[in-house]
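# Structure at a glance
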Amino acid sequence: MIHSISSANLERIIPLINAYQQFYNAGHVSTQQNRSFFSQFGKQSDKGCQFAYFDGTEPVAFATVYFSYSSTLTAKVGVLNDLYTLPSHRNKGIASKLIKHCAKFAIECGACRLQWVTSRDNTTAQALYKKLGAKQSSWEFFSYTP
């Protein structure tokens, strides 16, 4: 079952956030920083919302939708910035359910689409995205830190 995450239940998914950051070799993983950063999201936040998939009472996956804007589309877009499923729960359709849930949420909040990036070597995730009908962008992603 999918639930939205707020400050009331954020502690339940902090371990998943930490594992996600370790999966992507994010460097220093700080529970306190994660607690502070992710507490700004929720169903009523104009910044975005986190969702978690629970297997019974245990959270086993999460996704975060942020909102941004596209000048070329002249529209609001939902950005699926995080998607992570515990290795023990992969290949069970959970990520697919979370993506669909996040897309519905983004559209309900006025976004024209849900978009995201993943690492080039994450071919397992890419196969899922293509299976769902997501289109791969022709844009190149860049990052700059002065």
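Below: a short report on this structure. Computed from a prediction, not measured in an experiment: that's the story for all the values here. Residue positions are given per chain, counted from 1 along the sequence in the order it is written. In view of the model being predicted, local features appear only for residues whose pLDDT reaches at least 70, and side-chain atom pairs are presented and counted only at 80 or more, with totals across whole chains, interfaces and linings using the full set of residues. Where side-chain values are given, they derive from all heavy atoms of the structure, hydrogens and water being excluded.

### Side note on the sheet that holds strand S3 (residues 58-70)
- The strand order across the open sheet built from five strands is S1-S2-S3-S4-S5, with neighbouring strands paired in mixed fashion. Either end of the sheet is taken by a strand with one partner, and the two such strands are strand S1 (2-5) and strand S5 (114-115).
- Here a strand pair is declared whenever DSSP counts at least two bridges between the two strands. To qualify as a helix, a DSSP run of H or I must reach at least 4 residues; to qualify as a strand, a run of E must reach at least 2; elements of each kind are numbered from the N terminus. One ladder, built from eight bridges, connects strand S2 (residues 48-55) with S3; its direction is antiparallel. Paired with Asp55 across the bridge in S3 is Glu58.
- Only heavy atoms matter for contacts: two residues are in contact if any of them lie within 4.5 Å across the pair. The convention used is that axes are lines fitted to C-alpha atoms, helices contributing only their stretch in contact, and that angles between N-to-C directions extend from 0 to 180 degrees. In the packing of helix H1 (residues 14-23) onto the sheet, the strands contacted are S2, S3 and strand S4 (75-85), and the crossing angle to S4 comes to about 90°.

### Some thoughts on the packing of aromatic side chains
- Any Phe, Tyr or Trp ring, taking Trp's six-membered ring, that has another such ring centre within 6.5 Å forms a pair; planes under 30 degrees apart are called stacked, those over 60 apart edge-to-face, and the others tilted. Scanning the entire structure with this criterion turns up 13 aromatic pairs.
- Aromatic rings pair up to connect Tyr20, Phe23, Tyr24, Phe62 and Tyr84 into one cluster.

### Some points on the side chain of Ser45
- By the element assignment, Ser45 lies in the loop between helix H2 (31-38) and S2.
- Definition of a polar contact: a pair of N or O atoms within 3.5 Å, with one able to donate and the other able to accept a hydrogen when the atoms are protein atoms, and with sequence-neighbouring residues admitted only if both atoms are side-chain atoms. Only 3.2 Å separates the side chain of Ser45 from the backbone oxygen of Gln40, close enough to count as a polar contact.

### Section: the pattern of salt bridges
- For this analysis, a salt bridge means a side-chain nitrogen from Lys or Arg found within 4 Å of a carboxyl oxygen belonging to Asp or Glu. Applying the stated criterion across every chain, the model contains three salt bridges.
- The residue Glu11 makes a salt bridge to Arg35 at a minimum N-O spacing of 2.4 Å. With Glu11 in the loop between S1 and H1 and Arg35 in helix H2, this pair connects stretches of sequence that are 24 residues apart.
- Arg35 sits in the partly exposed class, given a relative accessible area of 27%.
- Glu108 is the partner of Lys104 in a salt bridge, and the nearest nitrogen-oxygen pair spans 3.4 Å. Of this pair, Lys104 and Glu108 are both found in helix H3 (residues 94-108), four residues apart, which corresponds to roughly one turn of the helix.
- Under the relative-accessibility criterion, Glu108 is labelled exposed at 56%. Note on exposure labels: buried denotes an accessible area under 20% of the residue type's maximum, exposed denotes more than 50%, and partly exposed covers the range between, all computed with a 1.4 Å probe on protein chains only.

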